[in-house]
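Structure at a glance
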Amino acid sequence: MKKNKLIGLLIAVPMLIAGCTSQASDGVKIFIYGQAHERSIYSRIIEKFTEETGINVNAELVNTDGYAETLTASLGTKNAPDVFYSNPASIGRYAMNQVILDLKPYLEAEADEGGIDYNDFLDGVIDYYRYDTVNKQRGEGDAIWAIPKDVSSYPLGYNRVIINLSVELGHWETYTKTGAWATREGGMPLPWENDPRTDKQIVYTFEEFTNACRATKFTHESTEYFGTALIDTWAMHSWIWAAGGNWLSEDGQDVTVNTPQFIAGFTEFIDLMDNRGVSQTREQMGIKPHYDRWMEGQVAFFNVGVWDVAAFESVSKDILDYGLMPTPRANDASPDWYTYIGTLGYAVSSRSQAPSDAVKLALYMSMSMESYNRMTRYQTIQLPNNKTMVDDYLEDETIKPENKGVFLDVVQNGHGKLHPTAMAYNSLWYDTFIAELSRVWKVTDADVSGEMTPAEYAAYIQPKMQQQLDIALADEQAGV
Amino acid sequence: MASESLPTLNNMALTLKLKGKKNKPKHVTEHLIGYLFIAPVFIGIAFFVIYPFFYSLISTFRNWNGLVPLEFAPKVGWEMYQRVLTEPLFWQSFLNTVITLSGIPIGMVLSMGLALLLNRGLKFTGTFRVIFYIPVVSSITAIIILWRAMMNTQGPINDLLLLFHIGPINFLGEPGYARASLIGMLIWKGLGTSTLLYLAGLQGISDSYKEAAKLDGANDWQIFWRITFPLLKPTHFFLVVTGIIGGMQLYVEPELLLNGGPARATTTILIYLFERFGANRISEASVVAWVLGVFVFIVTAIQFYYNSRRERA
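Note that the structure is a prediction, hence the values are computed from the model and not measured. (Residues numbered from 1 in each chain as written. Chains lettered and ligands numbered in written order. Predicted model: local features only at pLDDT ≥ 70, side-chain atom pairs only at ≥ 80, totals over all residues.)

1. Section: the pairing of strand β11 (residues 223-228) of chain A
The side chains of a regular strand alternate between the sheet's two faces. Residues and elements named next belong to chain A. Spelled out, the test is: DSSP bridges decide pairing: two strands pair if at least two such bridges lie between them. Only DSSP runs of H or I with at least four residues qualify as helices, and only runs of E with at least two residues qualify as strands; both kinds are numbered from the N terminus onward.
The sheet contact formed by strand β10 (residues 218-220) and β11 spans three bridges and is antiparallel. If you follow Thr-219 over to β11, its bridge partner there is Glu-224. The hairpin formed by β10 and β11 contains two residues between the paired strands, and Glu-221 there has a positive phi angle of roughly 45 degrees.

See the structure below:
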């Protein structure tokens, strides 16, 4: 009897260990992250998908903490999820290492069978997920390595309450009746007004935007209002791109942060934040973050992401009556304005036992009417991915904000660029720039300037960035 | 009654011994039973320590991204070591980590002082022990929020400094102050544990030594310096060794408090490692782990060597 117990023990230990690692292989496993309210939305869409298709889904919906590490650890194993998030920055690595499937045959089959047609994605957005594994080119090649979960843009927003107050107090006219607007009654057009020269919503130049910020930086009835308060790491790209700067050379081989155009845009942005007295200072930011000031109606101009809409709509219009506007252009000779496009995609594991079902699920999560209703119409956390739904989105007055077309201008009309992290095989080269960015900041109000000027910083950081880019390029060539 | 009817481990072993006596020598059966009892732990160590140990060592000689099995990663010899060891940021991170170790002696002096005070049998000693230990058991997230608020340019520390016409100082925004703030927080957080350890050490010193010294005319300072301090050597040794091992693995506090900044001033070696991991440069991360492990091993070995030499002397 006791001998049997011992033998049982010996068998039980390996079984216990094996039990810890086994998993059910029923249906499709999706592993994605989101905030609590987003996870709730995803669950409902997945339930609806199962209801409509009969395909079982094992949904692992988590928060962002540790998502990337967990995914990386599972991708090379049999436990890899069928569907998971990927972004343009990681598509190259995943494709080169064959951990994801080329979705194109499955997408075409789905369209041919009368399912969701991937050709209905917003124009060009599929290209963010192309990668040519032979020539190592992003946005090129026939293969589609993921489909967009969302494509979002990050234009500027204005708070109508502060701007109207500025007009009422006479600040707007005082600071903006200059240059092209010197003879115009009331000064420069308000951000929601059309430019009389183009009959389109006005796009301020760098100088005009500074004037608008000056006009909205004042104290009234003991409340301090700030012209702007932008988060450097997200906002500076608009100024750099508008000035003609770029992070990498056309061929992606060289870091170009030390070019005159880049430095011009970068300097303009840092001056706006630190040296013109129009923004909340870094010291003040330590007390109350920019976002909180904006939400409390103390900042006139602030970036608005699509994902912010629900939160901004929850604030009383007496405090935050916001709308969208283009980011500034450099000057009349450089009329283009740009902001960055953020996108996340659904990829399918090359180890998936049910790739067709996995692609069906990804398409449903991305492009179905159910996902549009839940993620855009009832509560806006993303733009519609399906171009057949764009008109409905623009015409539906219940979807906020009113001039939401600016979001689509960024994505569809050439005013958006992919975030720099998507430009190379990994993002350590870009992270190098961000990690020491505080060297150009006035960290206390008493500082006369930052430790370095933007030009000095660009010269200092470029070789470090280039070293990281070179490693990334070498790894890409080696297919690692 | 119940204990009589249920087989205990002892009589189970006895029964097995008796049964085994027929065929095997007694010590073999005893050893077998012993191995069976330690088997779960041994299997655990083999799977979760020894296997990853060699796996990570092998990965340092390949260019592995973690996306494919290690055996498919190209062999690159010492290239990953070269990449890491020639990168200025690696050495900066290493230096930052070593700088934070300067908090160890400061913390030891402070905790020894507190332990000496608590050992004098003053009133409310128990209450103070609890107070000093609160940071040890508090959530690190709560501590970080507290320290961020304290060190704000308009926080209570700056308010205090302003009374002396100093500041305001951006403790979290300027590299030098940020390092000092981090070290300060680490000392504060670790004070409770080291104070209790010193207190235990002090209470283990027999009063007869001090009384004998007093009879010989020694003053309080001489008693402390010639008797108390040397007899606390095991505690000093323990705190230095664990402090260095823990300090070299510093990650959560600088990451949450300062995100490794400003200007990389608090990027520790583990933050550097995780950045490589996040970029799928797993082999480089493994190299960092090995360099860190070897460094800690050497430092600890030196300490053990000198400690044992002093003990022999």
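2. Structural notes on the domain arrangement of chain A
All names here are of chain A. Note the following rule: The split into domains, and so the bounds of each, comes from an automatic or database assignment of domains. In this description, a residue-residue contact is defined by the distance between C-beta atoms placed from the backbone, which must lie within 7 Å.
We note that the domain assignment places domain 1 (26-150 + 342-413) and domain 2 (156-340 + 420-478) within chain A. The C-alpha-based centres of domain 1 and domain 2 are spaced at 30 Å. Listed by partner, the interface residues are 19 residues for domain 1 and 19 residues for domain 2. For the side of domain 1 that touches domain 2, the elements supplying multiple residues, two or more each, are α4 (88-96) and α17 (405-412).

3. Notes on the interface of chain A and chain B
Put simply, the rule reads: For this scheme, ten residues count as nonpolar: Ala, Val, Leu, Ile, Met, Phe, Trp, Tyr, Cys and Pro. Four count as charged, namely Asp, Glu, Lys and Arg, and the remainder, Gly too, count as polar.
The interface of chain A with chain B comprises 27 residues on the first partner and 29 residues on the second. Elements with a contribution of two residues or more to the side of chain A that touches chain B: α1 (2-21), α3 (67-75), α4, α11 (282-287), α18 (428-435) and α19 (454-478) of chain A. With four residues, the single largest contributor to the side of chain A that touches chain B is α11(A). Among the residues making up the side of chain A that touches chain B, the classes are represented as 12 nonpolar, eight polar and seven charged.

4. Side note on the environment of Asn403(A)
Residues and elements named next belong to chain A. Along the chain, the position of Asn-403 falls in the loop between α16 (390-395) and α17. Placed 246 residues apart in sequence, Asn-403 and Gly-157 show a C-alpha to C-alpha distance of 10 Å. Setting aside its immediate chain neighbours within four residues, Asn-403 contacts Gly-323 and Leu-324.

5. Regarding the pairing of strand β3 (residues 83-86) of chain A
Residues and elements named next belong to chain A. What counts here: Every C-beta atom is placed from the backbone, and the number of other C-beta atoms within 10 Å of a residue's own sets its class: buried at 20 or more, exposed at 12 or fewer, partly exposed in between.
The alternating pattern of β3 places Val-83 and Tyr-85 and Phe-84 and Ser-86 on opposite faces, both of which are buried. Inspection of the sheet shows β3 paired to strand β14 (residues 339-348) by four bridges, in the antiparallel sense. Residue pairing in the sheet places Tyr-85 in a bridge with Tyr-346 of β14.

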